[in-house]
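Structure at a glance
Now for the letters of each chain:
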Amino acid sequence: MAPALLAGAVVVENRVATCQLCIMTSATCVPNIEQRGIRRRLISGWVSFGTAVVLAAVLVAAGSPSWARLLLFLPLWSAGIGLFQAREKT
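Here goes a summary of the coordinates provided.

Let's talk about the overall build of the protein
Counting secondary structure elements, the protein contains three helices and two strands. For the protein, the sequential pattern of α-helices and β-strands runs β-β-α-α-α. A buried classification covers 24% of the 90 residues belonging to the protein. Taking the contacts inside the protein whose residues are at least 6 apart along the sequence as the reference set, 44% of them involve residues at least 24 apart. Split by element, the accessible area of the protein, about 6700 Å² in all, is 67% carbon and sulfur.

Next comes the structure, spelled out in structure tokens:
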């Protein structure tokens, strides 16, 4: 199938790759990771998210001060990066 027939898609090694961001911006999108990399990012994202949930529960149960909840930023940031990279295949 020719790339011209698919909006926001390109042919990469006889495979068609699409990207939501590319469809909106009409830019060329070529995934730069394989399935293993996507799976690794998904796993690390969900593990980081789970860590944040457990840490939040511990902080609330322990009655720690509100400023201590800033510690949740790091695992939530890591989870967001991992999950968004997996979704966008970057």
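Comments concerning the environment of Ser48
In this structure, Ser48 sits in helix α2 (residues 35-61). Here the alpha-carbon distance between Ser48 and Ser78, two residues 30 residues apart in the chain, equals 6.2 Å. Discounting chain neighbours no more than four positions away, the residues touching Ser48 are Pro75, Ser78 and Ala79.

Observations concerning unusual backbone geometry
Residues apart from glycine generally show negative phi values, whereas peptide bonds are mostly found in trans. The backbone of Lys89 shows a phi angle near 60 degrees, a positive value even though the residue is not glycine. Along the chain, Lys89 turns up in the segment after α3 (73-88).

As for the packing of aromatic side chains
For the coordinates displayed, the defined rule picks out one aromatic pair. With a centroid separation of 5.9 Å and 90 degrees between ring planes, the pair formed by Trp46 and Phe49 is classed as edge-to-face. Note that Trp46 and Phe49 are positioned in helix α2 at a spacing of three residues, about one turn of the helix. For Phe49, a relative accessible area of 38% gives the class partly exposed.

The rules behind the values
Residues numbered from 1 in each chain as written. Predicted model: local features only at pLDDT ≥ 70, side-chain atom pairs only at ≥ 80, totals over all residues. Heavy atoms only, no water. Helix = DSSP H or I, 4+ residues; strand = E, 2+ residues; numbered from the N terminus. Buried < 20%, exposed > 50% of the residue type's maximum accessible area, 1.4 Å probe, protein only. Contact = heavy atoms within 4.5 Å. Areas by Shrake-Rupley, 256 points an atom, 1.4 Å probe, with all protein chains shown as cover. Phe/Tyr/Trp six-rings, centres within 6.5 Å; stacked < 30°, edge-to-face > 60°.

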